Amino acid sequence: MQIHEIARRWNAFFEKNSHSVVPSASLVSPDPSLLFTVAGMVPFIPYFLGQQTPPHDRAVSVQKCIRTADIEEVGKTARHGTFFQMAGNFSFGDYFKEGAITMAWELLTTSQADGGYGLDPERLWATVYEEDDEAYAIWRDVVGIPEARLQRIGKEDNYWHTGQPGPGGPCSEIFYDRGPQYGNDGGPAADDTRYLEIWNLVFMQYQLGDVRSQDDFDIVGELANKNIDTGMGLERLAMILQGVENMYETDQVRPVLDRAAELAGVTYTSTEDPEDANFSNDMRLRYVADHVRSALMLISDGVVPSNEGGGYVLRRLIRRAVRAMRLMGVVSAVLPELLPISRDAMRGNYPEVSEDFDRIARIAYAEERAFLRTIAAGTTRLESSVAQAREAGATLSGDAAFELHDTYGFPIDLTLEMAEEAGVSVDQDKFVELMQEQRQRARNDAKAKKTGHADTSLYYEAHAGQDTVFTGYTEHTTQSHI
Ligand code: ATP
Ligand code: MG
Ligand code: MG
Ligand code: MG
């Protein structure tokens, strides 16, 4: 079943159950505290916070999402994309736990002939928050899932809140058992590779007071209007329904992966074993396909490459893709080959990527050309510095990294990644010190402000755990739904 059809059935099922169909909002977050839309609930935040009255009690959507916090996982795990589509159903003070759980179960297990997804119920597991006896009882008694496939999990994974005083509540997640060849049989609490998380149900139940951390907060009362927020990854369900190993092999992504392999003259072997000789190329092909799609969708939603905010994320995605292709031996421009393939894979769901393709392509190709010029100038230099460092058994000095950045405009993330791949570490403390000195000089010297050097501070922010661009939301909040 293609993603297009998975999405269609989603909307049809919830529409039949009295939900209003709401089109996807932009990837550029409608909520000012977030850079990108990271979950299906983001466009509904004002309703959940009680700032606006929702025009309907029940809504359904398939929301385009970007999670840059997952970038390091992309291609390594089977299930993380920077871009993905989160299907969701929402109740604003209407149905609560029982409605959410029973509808989820019905849609997943109803046969495909009858409009469902036809998953084998024996392969489905559910987790609930450890103190949520109510959800536990619904799964056991109403749905009838055997207790052997029902697990209680702590706040780390099964509690949602915004990190601030406001609504919060327990979650219940649905997992699909991919089979013993993927890991041990301890259930989702023990293994997140064999048991693939597909759907998160959030029960907004309480008013929270002081929130000190993900698992340390005060509950000050029950919400007058209890809400439901759910999120199901279309690509994850597609992995199962298409019988492929990972989300990069599903119908909207795979064509780009195949073209990238062809360009590089390598064979994709689908391995997820880091010990396997093909792993690095396979992983690169997977994240190239992911990043090209994310770039397409971001530019389509109005993002342009720059040195800050969303523009920097886009720039980094394009650069990572280009560089991965380069590491597989492709030195010419790759986006003119890959972007049209991604467009063709996405146009069925998002006709705007076709209609606006001239503009999208112009922006993307110009960015790649500029990056190729930068790489050409810096790579030779970096390679000799790295070789010297390796011979001396030393780290690459902060001065060398700084010079590459300062004189050649060579991005520090590239220096770090290329050095790491050559088994050489970089004296980052010194680099940061030199950057700070430079910033100080720039502040002292008005003229220096006009030199136009790339600002790398965002790179460091983007690596301080959760992207700091997601202001106001902690990493755990992101993981447990937002
Ligand atoms: P995981 O634990 O696998 O990282 P999560 O708990 O962070 O997932 P949620 O925040 O609960 O994910 O999001 C709801 C659903 O969205 C998930 O159950 C999953 O199906 C999907 N999803 C989340 N992150 C991604 C991603 N990076 N790529 C593809 N699908 C995703
Ligand atoms: Mg999770
Ligand atoms: Mg996650
Ligand atoms: Mg989750």
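What this report covers is the structure whose coordinates are included nearby. Only a predicted model underlies this, so the values are computations on that prediction, with no experimental measurement involved.

Section: the overall build of the protein chain
Here comes step 1: Scanning the protein chain from terminus to terminus reveals 17 helices and 9 strands.
Here comes step 2: Expected size for 482 residues packed as a compact globule is a radius of gyration near 23 Å; at 23 Å, the protein chain falls within 12% of this value.
Here comes step 3: Looking at the 482 residues of the protein chain, the share that counts as buried comes to 46%.
Here comes step 4: A sequence separation of at least 24 residues applies to 70% of the contacts in the protein chain between residues at least 6 apart.

Considering the nonpolar core
Here comes step 1: Counting residues in each nonpolar core, the largest one holds 113 residues, and the members touching the most others are A104 and A260.
Here comes step 2: If one sorts the elements of this core by residue count, helix α8 (residues 279-300) sits on top with 10 residues.
Here comes step 3: Looking at which domains feed residues into this core, each of domain 1 (3-242) and domain 2 (252-462) gives three or more.
Here comes step 4: If near-sequence neighbours (up to four positions away) are discounted, A260 is found in contact with L285, V288, A289, M325 and L338.

Observations regarding helix α7 (residues 254-264)
Working note: α-helix, 3.6 residues per turn, so residues spaced by three or four point in the same direction.
Here comes step 1: Here α7 has its buried residues at R254, V256, L257, R259, A260, A261 and A264.
Here comes step 2: Here the buried face of α7 lies against α8, α9 (309-327) and α10 (335-346).
Here comes step 3: Of the residues trailing α7, G265 is marked for its positive phi of about 65°.

Definitions and cut-offs
Residues numbered from 1 in each chain as written. Chains lettered and ligands numbered in written order. Predicted model: local features only at pLDDT ≥ 70, side-chain atom pairs only at ≥ 80, totals over all residues. Helix = DSSP H or I, 4+ residues; strand = E, 2+ residues; numbered from the N terminus. Rg over C-alpha atoms; globule rule 2.2 N^0.38 Å. Buried ≥ 20, exposed ≤ 12 C-beta atoms within 10 Å, placed from the backbone. Contact = placed C-beta atoms within 7 Å. Core = buried A, V, L, I, M, F, W, Y, C linked by C-beta atoms within 7 Å. Domains from an automatic or database assignment.

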